[in-house]
Amino acid sequence: MPTTPPKTTEPGSELSRIARPLRLSEEVSGDLQRRIARAELKPGDRLPTEKALGDAFGVSRAVVREAIARLKADGLIETRQGSGAFVVEAPKTINLRFWQGAGPELDELRDIFELRAMVEGAVAELAAQRRDESDLKTMAEHLQAMDEAMAAGHDGTEADDNFHIALARATHNAYVSQLVEFLGRHFSDSRKLSWQGTRRELAHPHEAQNEHRALFDAISRGDAEAARRCAQEHLRGTAGRFGIKLALDLDRNPPMPEETRRKR
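First, a word on what this report is: a plain description of the structure on this page.

Calculation criteria
Residues numbered from 1 in each chain as written. Predicted model: local features only at pLDDT ≥ 70, side-chain atom pairs only at ≥ 80, totals over all residues. Heavy atoms only, no water. Axes fitted to C-alpha atoms, helices over the stretch in contact; angles between N-to-C directions. Helix = DSSP H or I, 4+ residues; strand = E, 2+ residues; numbered from the N terminus. Parallel < 35°, antiparallel > 145°, perpendicular 65-115°, else oblique. Left-handed = near helix turned anticlockwise from the far one by under 90°. Contact = heavy atoms within 4.5 Å. Nonpolar A, V, L, I, M, F, W, Y, C, P; charged D, E, K, R; others polar. Core = buried A, V, L, I, M, F, W, Y, C linked by side-chain atoms within 4.5 Å. Buried < 20%, exposed > 50% of the residue type's maximum accessible area, 1.4 Å probe, protein only. 1 Å grid on protein atoms, 1.4 Å probe; cavity = no way out; pocket = protein on both sides within 12 Å on 5 of 7 lines; lining within 4 Å. Points joined across faces, edges and corners; volume = space filled by probe spheres on them.

What follows is about the packing of helix H5 (residues 133–152) against helix H8 (residues 205–221). Taken N-terminus to C-terminus, the directions of H5 and H8 make an angle of 165°; their axes are 11 Å apart at the nearest point. In terms of orientation, H5 lies roughly antiparallel with respect to H8. Note on packing geometry: the crossing formed by H5 with H8 is left-handed. Note on element contacts: H8 touches H5 through Pro205, His206, Gln209, His212, Arg213, Phe216, Ile219 and Ser220, opposite Leu136, Met139, Ala140, Leu143, Met146, Asp147 and Met150. When grouped by side-chain class, the residues that make up the contact of H5 with H8 number nine nonpolar, four polar and two charged.

Right, dumping it as structure tokens:
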């Protein structure tokens, strides 16, 4: 029986399972990792026994052992001979395992969209100042690939990923490029939402592509502030289409409330 991690649903949200199903051990380790991150399991706490965890998750002890091994490899727990497994006092490694489309973890997705807004906004701003004709040509090619995917009714996630990587390379900062390429592959499942959604009718690739076009236009003009704003509006739009509202404090110039705009 698969695990049932704690639900974090919101009224009106349609988010459900997408992408590849995780192995049982990944589900168990992911659930425990989230509990550690939320301080439900604190540094120094002893994990329940393998039998207790197996009963709680409805899985075998072999699955639990594999999940524990993953957490130990990530430096989140340590095992003590004859005493069991404990949450480490200070993680020995940085764990950057992201949400992989395996369940309705809205809190995690909101955090990922916020991280994307911060990273991609700054990258877009710098790219607008440093891009050259070769960069613009490459980005345009990936935009065209997304257009073709939409026309054929195909998944354009790979072209979407490549567009954002090309945008990062336009900063002409090798470390920024490497960081975004690394993070971008982890962000891929959140980008897939624009192309596949949780049900086909919930995906809005045309809206996302319009946002990509606005971002590309701002970078082409060399308008750094507009590029940052377009990148953040793209993230806000993508999240919003799946019932996730991003905090206004992410923006340098937060959008005006609807009532204020109507009065002007």
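This part takes up the nonpolar core. Formed by 26 residues in total, the largest nonpolar core has its most connected members in Met139, Phe163, Leu167, Leu215, Ile219 and Ala227. Secondary-structure elements contributing two or more residues to this core are helix H4 (106–130), H5, helix H6 (157–169), helix H7 (174–195), H8 and helix H9 (224–240). Setting aside chain neighbours within four positions, we find Met139 in contact with Phe163, Ala166, Leu167, Ala170, Phe216 and Ile219. In terms of nonpolar packing, the next biggest core, distinct from the first, is built from 17 residues, Phe57, Val63, Val64 and Ile68 among them.

Going through the model one piece at a time under the given rule, you end up with three cavities of 30 Å³ or more. Reported here for the second largest cavity is a volume of approximately 60 Å³. Every element with two or more residues in the lining of the second largest cavity is listed here: H4 and H6. Its residues assigned to classes, the lining of the second largest cavity comprises five nonpolar, one polar and one charged.

Scope: geometric values only; no functional claims are made or implied.
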